[in-house]
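In case you want the letters, here they are:
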Amino acid sequence: MALPESITTCLSQPVHYAICKLGFEKKDTYDINNVLSGNGEVCWQAVTEHVCYLESDESVDYIKSIRSLGPVCESVNLYFKSLSKEQFVIQYASWFHWTNCTEQVFLEVFDVLQYTQTTEIDLGLMKLTSCLERALGDVYLLKGNDCCPFLLRDLLASEQLADVFGQAVMNVLRVFIGSPHGLNLRNVLWHGFASPQEIPAKYCAMLLLLTAGLGQLLQTYLLQTKGVLVHRPYVIFISLEELDAFPDLNDEILSIAEELVKLSSFVLKTMLPFWITALTAFRKNRYADSVILLLPQLEVGLRLLFTTTNKCPNRLLTAESSAFYTTFDEMLAKHLDNEEVNQLPVVLEEPAMDFLWDFLNHQEGPRIRDRLSHGEINLETFPREVANQIIGFAITILCRFSDEDMYSFKNYLQGMWNICSSPTEEHMVLKPLMNCASCYRSRFHPISRLKKQVLECMKSIQLWPELPIVPEEQVEKIKRLEANAEADTSILISEIISQLQHYMPQNFFSSDDPINSVLTERLLVELCDTRICTLYSPRPVLEVVAVLRRISAQCHQVSQQVIAGAGLRYTQWVNKTLRSRQRHNYRRMLNSIKFLSPVLRLILLLISLELVSVHSVCKKNPFDYQQYLKFLKSVLQYTENLVTYTSPEKNKWDETMELTKRTLIKIRKISDRKLMLMHLAT
């Protein structure tokens, strides 16, 4: 990929003019005392009077407003520069409490205004806008709403916030961050369009002051209404081991990355400082900062790839207010807006696309960019493990698109390690990263989540033999009564397994003991390890997977209920606290779980076999597809009934046995008629 060296900005001409020049056209010196009272409170009327409106429909005239507010912003910036940190804390710290962000975030922004560095204004603004957005969402919910708008522009345009802060105040905010017609600082930064030092520091200063001013207005509102602002809890990353795609990044790898950044055609030279600062932040254990800086740069690099491969160079720059930006959503989609096939996935290849979808888009994934940019994550406790994955992925992309400069890169490595020039030896440090990248499989696509569900359910069922039970002779009477029903169940399961054996891996089926040889965790692990394409799954595939997931979830709930119920009843039996009917039900439970275990394991096997062949559903005509869905939903209905019958409140074990027999007959019939997906795949 050839790098357009001539690119010095990713802002289109009108956007560059609005951000970099418009607010400097008025040369007036504005008196800060017009905006601030003696104790530092914001005089909002003095600010709102600078917002101009169109005569035609009284909507905000963003061009005139930016021009008019320019000197005010400059005055605020100079004012903050004149304060010591102690003065700033005394006057303003309490006014930031409403945001629920730590004081450190605002102190960092204040420090940046004193000593403007290459990338720090941008970082400060990104953190400030995400913090502000989250806090405004909490205020929105103060008005009794269940959820707040996802998009900042819709949040700022809401009646709820206008009711709390006043429409004129909200219009001021929209000039800076809430409208594509205004400065739109939040989107320009978070989507990676702004180069270092393109965003004037005075806009950062103004937004800092406005955030404090909103805190002052909110305090007055809460005193008048006797309301209490409740903050939503931060998102906490659980099961961090699920995110573990790349090995831990050490200093050696990070040093290589710093050289790769300078050589890779994936990096626009004007954006180079962001990459260096992101890697430095990671070294300094500032993990949130490193990811906040790096995610927009990944988007810039992918946008360069996207526009090159799809031959649409005009989309590299910010869109005008009348059009959409080219963002992750568009770049990761299957088709372009003109319905042509997106060529970016061809260039990146499936593992890289899976990683991006996993970490950015899938609803059950970490959705790092969304959650950071919308202020849903506590920046102070952002986990190293997450930052490690994002940076590890970025390094592999840098390496993949550095071929044109590999000669100088090899020379760097040669000098670094003083080793021979063998490419194999030179790349040993990066090889584990590259291997992990090329082998990556989706972990948060519904198909991947179903695999995880199946294996977790199987582990739960495998605990059943370890459950404490009463002596065998005490349940023998019930055994004899139900022997025939249990035998019928075992025969049906064996027959179904016999029908399915041709669609399973070899060496699992044994005619001597079909149930225990096939219905094993080992078989499910092998089936779930089968690579299934998850990228751009067709709608029928997703619908089938959704039903299979619900079936698996119900099976797991049955297992959990059996484990909990058996443990409780055993304790009560030993302590002789069970009434006569409870003892009778307990005996029936002990007999029922012996046939329920192979039944649930059979259902998990069916789910796994169907999942391996799930893309075959697209071969079915509409009628057959609906009939197949009807069958799956009947199995779902069975498992839902199982949840009900095996609950502590019901204990309907006789009904469970009868219901199971009918369902097994239905499964055998469908299998015999070869109507499942596994039959289509062969």
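Keep in mind the model is a prediction, meaning the values are calculated, not measured.

Our focus in this paragraph is unusual backbone geometry. The backbone of E58 sits at a positive phi, close to 60°, despite the residue not being glycine. According to the relative accessible area criterion, E58 is exposed, its value standing at 66%. Of note in this structure, N651 is not a glycine but carries a positive phi near 55°. Locating N651 in the fold gives a position in the loop between α29 (622–645) and α30 (653–672).

For the structure shown, the criterion picks out 28 salt bridges. With a closest N to O distance of 2.9 Å, K127 and D289 form a salt bridge. Of the two residues, K127 sits in helix α6 (residues 120–142) while D289 sits in helix α14 (residues 287–309), which places them 162 residues apart along the sequence. A relative accessible area of 7% places K127 in the buried class. Between K262 and E259 there is a salt bridge; the shortest N-O distance is 3.5 Å. Taken as a pair, K262 and E259 lie in helix α12 (residues 251–263) at a separation of 3 residues, close to a single helical turn. The class of E259 is partly exposed, set by a relative accessible area of 21%. It is possible to trace a salt-bridge network through shared partners that takes in E108, K127, R286 and D289.

For the rest of this paragraph, the subject is the confidence of the model for the protein. Summary statistics for the protein give a mean pLDDT of 89 and a share of 92% for residues scoring 70 or more. Between residues 405–410, whose pLDDT stays under 50, and residues either more than four places distant or in other chains, the model counts 13 contacts. In this model, residues 412–426 is a region of pLDDT below 50 whose contacts with residues beyond four sequence positions or in other chains number 24 contacts.

For the structure on display, the rule yields 20 aromatic pairs. Pairing F88 with F110 gives two aromatic rings, centres 4.4 Å apart and planes at 15°, and the pair type is stacked. Taken together, the residues span a long stretch of sequence, with F88 in helix α4 (residues 85–92) and F110 in helix α5 (residues 103–114) at a distance of 22 residues. Residue F88 is classed as buried on the basis of its relative accessible area of 2%.

You can see S290 is positioned in helix α14. There is a polar contact of 2.7 Å between the side chain of S290 and the backbone oxygen of Y287. Those residues in contact with S290 that sit more than four places away from it in its chain are A278, A281, F282, A387 and I391.

Next up on the list: a positive patch on the surface. Taken together, the side chains of K630, K666, K669 and R673 present a region of like positive charge at the surface. By secondary structure assignment, the location of K630 is in helix α29. Since its relative accessible area comes to 57%, K630 is described here as exposed.

So, about the environment of L207. In this structure, L207 sits in helix α11 (residues 201–225). C-alpha separation for the pair L207 and C73, spaced 134 residues apart in sequence, amounts to 8.9 Å. Setting aside residues up to four positions removed in sequence, L207 forms contacts with L125, L128, T129, L132, L173, F176 and I177.

Rules of the game
- Here the residue numbers are simple positions, counted from 1 along each chain's written sequence.
- Where totals are concerned, whole chains, interfaces and linings use all residues; where local detail is concerned, this predicted model gives features only for residues with pLDDT of at least 70, and gives and counts side-chain atom pairs only at 80 or more.
- Each side-chain value is worked out from all heavy atoms of the structure, with water and hydrogens disregarded.
- Working definition: with a 1.4 Å probe on protein chains only, accessible area under 20% of the residue-type maximum means buried, over 50% means exposed, and in between means partly exposed.
- Each helix is a run of H or I in the DSSP string that is no shorter than four residues. Each strand is a run of E no shorter than two, and both are numbered from the N terminus.
- Whenever Lys or Arg places a side-chain nitrogen within 4 Å of a carboxyl oxygen from Asp or Glu, that contact is recorded as a salt bridge.
- Residue-level confidence of the predictor is what pLDDT reports, using numbers from 0 through 100.
- By definition in these notes, contact holds between two residues if any of their heavy atoms fall within 4.5 Å.
- Geometry of aromatic contacts follows a simple scheme: Phe, Tyr and Trp rings, the Trp one being its six-membered ring, pair when their centres are within 6.5 Å, and the pair is stacked under 30 degrees between planes, edge-to-face over 60, tilted otherwise.
- Polar contact criterion, stated in full: a pair of N or O atoms within 3.5 Å, where within protein one must be able to donate a hydrogen and the other to accept it, and residues adjacent in sequence count only if both atoms are side-chain atoms.
- Put simply, a patch holds well-exposed residues, over 30% relative accessible area, that have no salt bridge, with like charges counted together within 9 Å and Val, Leu, Ile, Met, Phe, Trp or Tyr side chains within 5 Å.
- Accessible areas in this description were obtained via Shrake-Rupley with a 1.4 Å probe; residue shielding takes into account the shown protein chains only.
- Under the convention used here, Asp and Glu are negative, Lys and Arg are positive, and both His and the chain ends fall outside the count.
- By convention, charge coordinates are those of NZ in Lys, CZ in Arg, CG in Asp, or CD in Glu.

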